[in-house]
Amino acid sequence: MKKNFLYIIDRLENLHLETDTTYALMKETARRGHTLLIAHLEDISIESGHPTVHVSEITIEKTAPWKVVRREKRRLAEMNVICMRKDPPVDTDYSM
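What you see is a predicted model, and the numbers here were worked out from it, not measured in a lab.

Peer 1: I keep staring at the overall build of the protein and nothing clicks. Help me out?
Peer 2: Tallying secondary structure elements over the protein gives one helix and six strands in all. Walking the protein from its N terminus toward its C terminus, one meets helices and strands in the order β-α-β-β-β-β-β. Sequence separation of 24 or more characterises 55% of the internal contacts of the protein that already satisfy a separation of 6 or more. Surface accessibility of the protein: about 6,800 Å² in total, with carbon and sulfur atoms responsible for 51%.

Written as structure tokens, this is what we have:
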């Protein structure tokens, strides 16, 4: 069964694709035929009381590291899996 995988990541252009474990997970997600979606922290919002995200659906290409297929707004509830990866600097003002 095809699932929606959302990766909340830093900009793809800033990742070290040869060594980045998140990119390796994304490649495996694509290889298994699931929908591969990416977003950034600033793409997440609340609309009409629902967590929403602007996503880019991408494919992993043999001739290029990735290709954006489309961009759209989706509800987080539509995602089957959400993986979040954030490199420093992180929000140092956040406290529990």
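From this point, the discussion proceeds with the structure in view.
Peer 1: Looking at this structure, how should I read a nonpolar patch on the surface?
Peer 2: Together, L41, I44 and M84 make up a nonpolar patch on the protein surface, roughly 260 Å² of accessible area in all. By the element assignment, I44 lies in strand β3 (residues 44–47). Using a relative accessible area of 32% as the deciding quantity, one classes I44 as partly exposed.

Peer 1: What's the story with the environment of P51 in this structure? I'm lost.
Peer 2: By secondary structure assignment, the location of P51 is in strand β4 (residues 50–59). A sequence separation of 26 residues divides P51 from A77, and the C-alpha atoms of the two residues are 7.6 Å apart. Beyond its immediate chain neighbours, meaning those up to four positions away, P51 contacts S45, I46, R75 and L76.

Peer 1: Explain unusual backbone geometry here, please?
Peer 2: If a residue is not glycine, its phi is most likely negative; likewise, a peptide bond is most likely trans. Located in the positive-phi region is S48, a residue other than glycine, with phi close to 55 degrees. The residue S48 is located in the loop between β3 and β4 in this model. Accessibility expressed as a relative area gives 74% for S48, which makes it exposed.

Reading the values: rules and limits
Residues numbered from 1 in each chain as written. Predicted model: local features only at pLDDT ≥ 70, side-chain atom pairs only at ≥ 80, totals over all residues. Heavy atoms only, no water. Helix = DSSP H or I, 4+ residues; strand = E, 2+ residues; numbered from the N terminus. Contact = heavy atoms within 4.5 Å. Areas by Shrake-Rupley, 256 points an atom, 1.4 Å probe, with all protein chains shown as cover. Patch = residues over 30% accessible without salt bridge, like charges linked within 9 Å, V, L, I, M, F, W, Y side chains within 5 Å. Salt bridge = Lys/Arg side-chain N within 4 Å of Asp/Glu carboxyl O. Buried < 20%, exposed > 50% of the residue type's maximum accessible area, 1.4 Å probe, protein only.

None of the figures reported here should be taken as evidence of function without further support.
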